[in-house]
Amino acid sequence: MITNLLVANRGEIARRVFRTCRELGIATTAVHSDPDAGAPHVREADAAVRLPGAAPADTYLRADLIVRAALAAGADAVHPGYGFLSESADFARAVQDAGLLWIGPPPAAIAAMGSKTAAKELMAAAGVPVLGALTEPTEADLPLLVKAAAGGGGRGMRVVRSLADLPGELAAARAEAAKAFGSDEVFCERYLPAGRHVEVQLLADAHGTVWAVGDRDCSLQRRHQKVIEEAPAPGLPAEVRAGLHAAAREAARAIGYTGAGTAEFLLTGDGRFFFLEMNTRLQVEHPVTEAVTGLDLVALQLAVAEGEALAPEPPASGGHAIEARLYAEDPAKDWQPATGTLHRLELTLPYQEFTGAGAGAGTGAGAGAGAGTGTFTGRGTGLRLDSGVEAGSEITPHYDAMLAKVIAWAPTRAAAARRLADALARARIHGPATNRDLLVRALRHPAFLAAELHTGFLAEHAAELTAPDGKGADRAALAAALADAAGRRGALPSGWRNLPSQPQLKRYRAEDGTETAVRYRLTRAGLLAEDHPGVELVEAAPDRVVLSEDGLRRTYRVARYGDRVHVDTPAGGTVLTALPRFPDPTVRTEPGALLAPMPGTVVRVVAAVGDTVTAGQPLLVLEAMKMEHRVAAPSDGTLVELRATPGRQVETGTLLAVVQPIEA
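Since the structure is predicted, the reported quantities are computational estimates derived from the model, not experimental observations.

Bringing the overall build of the protein chain into the picture now. Each helix and strand in the protein chain was counted, giving 16 helices and 38 strands. The C-alpha radius of gyration computed for the protein chain amounts to 26 Å, which stays within 12% of the reference 26 Å derived for 664 residues, consistent with globular compactness. With the C-alpha coordinates aligned to their principal axes, the bounding extent of the protein chain is approximately 85 × 60 × 55 Å. The long-range fraction of contacts in the protein chain, counting pairs at least 24 apart against all pairs at least 6 apart in sequence, stands at 65%. Approximately 26,400 Å² of the protein chain is accessible, and the part contributed by carbon and sulfur atoms is 51%.

Bringing the pattern of salt bridges into the picture now. Within the structure shown, the criterion is met by 48 salt bridges. Two residues, E290 and R16, come together in a salt bridge whose shortest N-O distance is 2.8 Å. Here R16 lies in helix α1 (residues 11-24) and E290 lies in helix α9 (residues 286-293), a separation of 274 residues in the sequence. For E290, a relative accessible area of 1% corresponds to the buried category. On the accessibility criterion, R16 (2% relative accessible area) is buried. Between D90 and R93 there is a salt bridge, with its nearest N and O atoms 3.1 Å apart. Note that D90 and R93 are positioned in helix α4 (residues 89-97) at a spacing of 3 residues, about one turn of the helix. For D90, a relative accessible area of 57% puts it in the exposed group. The partly exposed category is assigned to R93, whose relative accessible area is 34%.

Before going further, it helps to spend a moment on the sheet that holds strand β10 (residues 210-222). The 8 strands lie next to each other as β13-β12-β9-β10-β11-β14-β21-β19, forming an open sheet whose pairing is antiparallel. Every interior strand has two partners, whereas the edge strands, β13 (273-279) and β19 (383-387), have only one. Across the sheet, the mean angle from the axis of one strand to that of its neighbour is 25°, orientation sign disregarded. Bridging between β10 and strand β11 (residues 225-231) involves 4 bridges; their strand directions are antiparallel. Considered in β11, the bridge of L220 is made with I228. The sheet strands contacting helix α10 (residues 297-305) are β9 (196-204), β10 and β12 (259-267), and the helix crosses β9 at an angle near 40°. Across the sheet, helix α12 (residues 436-444) touches β10, β11 and β14 (320-327), and the angle it forms with β14 is around 155°.

Below, the discussion takes up the packing of helix α5 (residues 107-114) against helix α6 (residues 116-125). Running from amino to carboxyl end, α5 crosses α6 at an angle of 100°, the nearest separation of the two axes being 6 Å. Here α5 is positioned roughly perpendicular relative to α6, judged by the angle of their axes. From α5, A112, M113 and G114 reach across to α6, where they touch K116, A119, L122 and M123. Residues that form the contact of α5 with α6 fall into these classes: 5 nonpolar, 1 polar and 1 charged.

The biggest cluster of nonpolar side chains holds 73 residues, and the ones touching the most others in it are L5, I228 and F448. Per-element tally for this core: the top contributor is helix α11 (residues 413-426), with 8 residues. Excluding anything up to four places from it in sequence, F448 contacts L220, I228, E230, I322, R413, A417, A442, L443, L453 and F457. Formed by 29 residues, the second largest nonpolar core is a distinct cluster that contains A480, L527, L547 and V565.

With that settled, the discussion passes to the side chain of D386. In this fold, D386 is placed in strand β19. Looking at D386, the relative accessible area reads 3%, which means it is buried. Of note is the side chain of D386, whose polar atom sits 2.9 Å from the side chain of R384. In this structure D386 touches E12, R16, R19, P287, A404, K405 and I407, once residues within four positions along its chain are discounted.

Moving on, we get to the environment of A311. Residue placement: A311 occurs in the loop between α10 and β14. Look at A311 and you get buried, because its relative accessible area is 8%. Note: C-alpha distance between A311 and G340 (29 residues apart in sequence) is 47 Å.

Counting buried positions along β13 yields 7 of 7 residues, so the element is predominantly enclosed. The pairing of β12 with β13 spans 6 bridges and is classified as antiparallel. Bridge assignment links L266 to a residue of β13, and that residue is F274. Between β12 and β13, which pair antiparallel one after the other, the connecting turn spans 5 residues, and G271 there sits at a positive phi close to 90°.

Across all of its chains, the model carries 2 cavities of 30 Å³ or more by this definition. The volume enclosed by the largest cavity comes to roughly 90 Å³. Of the residues in the lining of the largest cavity, the class split is 6 nonpolar, 2 polar and 4 charged. The space that makes up the second largest cavity amounts to roughly 40 Å³. Along its surface, the second largest cavity is lined by H79, P80, G81, I103, G104, P105, A260, T280, R281, L282 and Q301. Partitioned by chemical class, the residues of the lining of the second largest cavity number 5 nonpolar, 5 polar and 1 charged.

Position of T209 relative to the elements: it lies in the loop between β9 and β10. Classification of T209 by relative accessible area gives buried; the value is 18%. Residues in contact with T209, not counting those within four places in the same chain, are L203, A204, L310, A311 and P312.

This brings us to α5. Of the residues making up α5, those classed as buried are P107, A109, I110 and M113. Viewed end-on, α5 has its buried residues packed into an arc of 160°, placing them on one side of the element.

Before going further, it helps to spend a moment on the packing of aromatic side chains. The final tally for this structure, using the stated rule, is 5 aromatic pairs. Relative to F273, the ring of F265 lies with its centre 5.6 Å away and its plane at 85°, an arrangement referred to as edge-to-face. The ring of Y399 carries the charged tip of R10 above its face, separated from the ring centre by 3.9 Å. Over the aromatic face of F448 sits the side chain of R413, whose NZ or CZ is 4.4 Å from the ring centroid.

What follows deals with unusual backbone geometry. Leaving glycine aside, a negative phi is the common case for residues, and trans is the common case for peptide bonds. With omega at -5°, the peptide bond leading from L142 into P143 counts as cis. Assignment of secondary structure puts P143 in the loop between α6 and β6 (144-148). Cis rather than trans, the peptide bond between A231 and P232 has omega equal to -5°. A positive phi angle, close to 65°, is found at H224, a residue other than glycine.

Cut-offs applied
- Residues numbered from 1 in each chain as written.
- Predicted model: local features only at pLDDT ≥ 70, side-chain atom pairs only at ≥ 80, totals over all residues.
- Heavy atoms only, no water.
- Helix = DSSP H or I, 4+ residues; strand = E, 2+ residues; numbered from the N terminus.
- Rg over C-alpha atoms; globule rule 2.2 N^0.38 Å.
- Contact = heavy atoms within 4.5 Å.
- Areas by Shrake-Rupley, 256 points an atom, 1.4 Å probe, with all protein chains shown as cover.
- Salt bridge = Lys/Arg side-chain N within 4 Å of Asp/Glu carboxyl O.
- Buried < 20%, exposed > 50% of the residue type's maximum accessible area, 1.4 Å probe, protein only.
- Pairing = 2+ DSSP bridges.
- Axes fitted to C-alpha atoms, helices over the stretch in contact; angles between N-to-C directions.
- Parallel < 35°, antiparallel > 145°, perpendicular 65-115°, else oblique.
- Nonpolar A, V, L, I, M, F, W, Y, C, P; charged D, E, K, R; others polar.
- Core = buried A, V, L, I, M, F, W, Y, C linked by side-chain atoms within 4.5 Å.
- Polar contact = N/O pair within 3.5 Å; in protein donor to acceptor, adjacent residues only side chain to side chain.
- 1 Å grid on protein atoms, 1.4 Å probe; cavity = no way out; pocket = protein on both sides within 12 Å on 5 of 7 lines; lining within 4 Å.
- Points joined across faces, edges and corners; volume = space filled by probe spheres on them.
- Arc of directions from axis to C-beta.
- Phe/Tyr/Trp six-rings, centres within 6.5 Å; stacked < 30°, edge-to-face > 60°.
- Lys NZ or Arg CZ within 6 Å of the ring centre and 35° of its normal.

Printed below as a string of structure tokens:
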């Protein structure tokens, strides 16, 4: 039996595995890079081993260092989590060769699914429907999707709508794939923008039992990465669901699979489905399956690795669960990632984590879920938070931009969506920009509630999902100004007397760049806000302001970090930047200057000084938070200065290039 488990990963998945280990009485060992030395997953482990360096290639992707760490810590098993080395057959073999127990499928099964092109050939031979690779695409095949054969997560993927663009996109995809996965193999297939991404959770033991535990819809994506996932996949006809489950089981049997894995499919509007890939690991979105089945999938992974037998059939599902991935990024700015200090991450409503009961359900095929797996103790308020960060964590460009996953369960899909949207809206998230508002709007969107799901959903509804909330920012700015005044003078009663000759003035800039000037007076009669007639001040303190408008009272909770002000209400949060009353005339940016929007590494330069460029034309590519981001020309003009070179590390605001606009 496993006595000490090393998790070859970081963040929320490491914490997730440790949680189950604590319930099962298994000691835990963490590994960490230098930036992660103080991370929550390191503190929660019984022991931790340093991987010297910061970049993933020097730390979490070093199989030799991780195996050495496991041996040094006295671990007898290794759980790979997801990402990094989780789907590396070579890593799995190295773990086994060191005499350690590998928590995952056999290396041969990982290798069989390691190349998407080879996997499709294998699945086709097994009778699983596949979307064939295109060796010589034609106009009739457009649009195309270029994909990396050796990886996923949106890396090495490009949508091509014109054959003229294909050579350039192939080259870019190869370069990104080689850096991310160590292989530059790519392939093309037809792109179905209205298709649904549906997957089946698999669990197989070494005794021949293969479970199709349930299915999930993961269609809401950005940059081919999942944002909202749910279980079960809504609106599937019974015969389609049965076909998906049968195909997934056949895929697992075809490669002698054991452990947890996921078969991913593309579902068309007419009910046809095609195998995309198999993820030979636990999925990020596994909590929604746990929520509807009551299973602890990590505990089941451990039980299967120890040789336990599964029951003949998985437990029945109940209710509906939805997961939202909270990212440090700005959807309104082309999903630009954000870095900095996370000052607060707090769900203001009580929530019940879906933690395992710890009591085994018996052993053997006839005894439920297997020894030691446990079942979840109860859904409580139906909310779960999985996160690898906490207040004070530094969000860096080294790793994925995901801050947390928030999962809601309810008896019905509509109730789960409502519960999750409300929890996110009420959450206090202070620090870098996030996609919280987009998540709330998506969960409340009529098309989402009607289960009109497809992989182009977020792009199709982008204007509605990212539109600025002008009135909300306006009221938030007033609350911020009054909280600031209260902080400088003490708590202000509604009748506080102040009769200056001119109104008080505070200026703020919202996240979308719009600026608001707040002009107000606090008189014997109360608040006189020039731009907010009819608004009355009920209460003002440095961290709390209550305003009344037309008899409707609202409370604003205010927190300030330097010049950044976070204003929270039950309906959502607003982030403002307090501006100086008189702008500094020495702070100027040259017209046409392109500044680095984030910390990152220049990976490609695709233009040269002297080139004539057009607005929106990519000039260079930055890599940050495991994704590539194109920096484009701001206008038509001539590229007159270029300070970016491949491999250069840049900070936010670094001058990268200058485009001289064409004079009208």
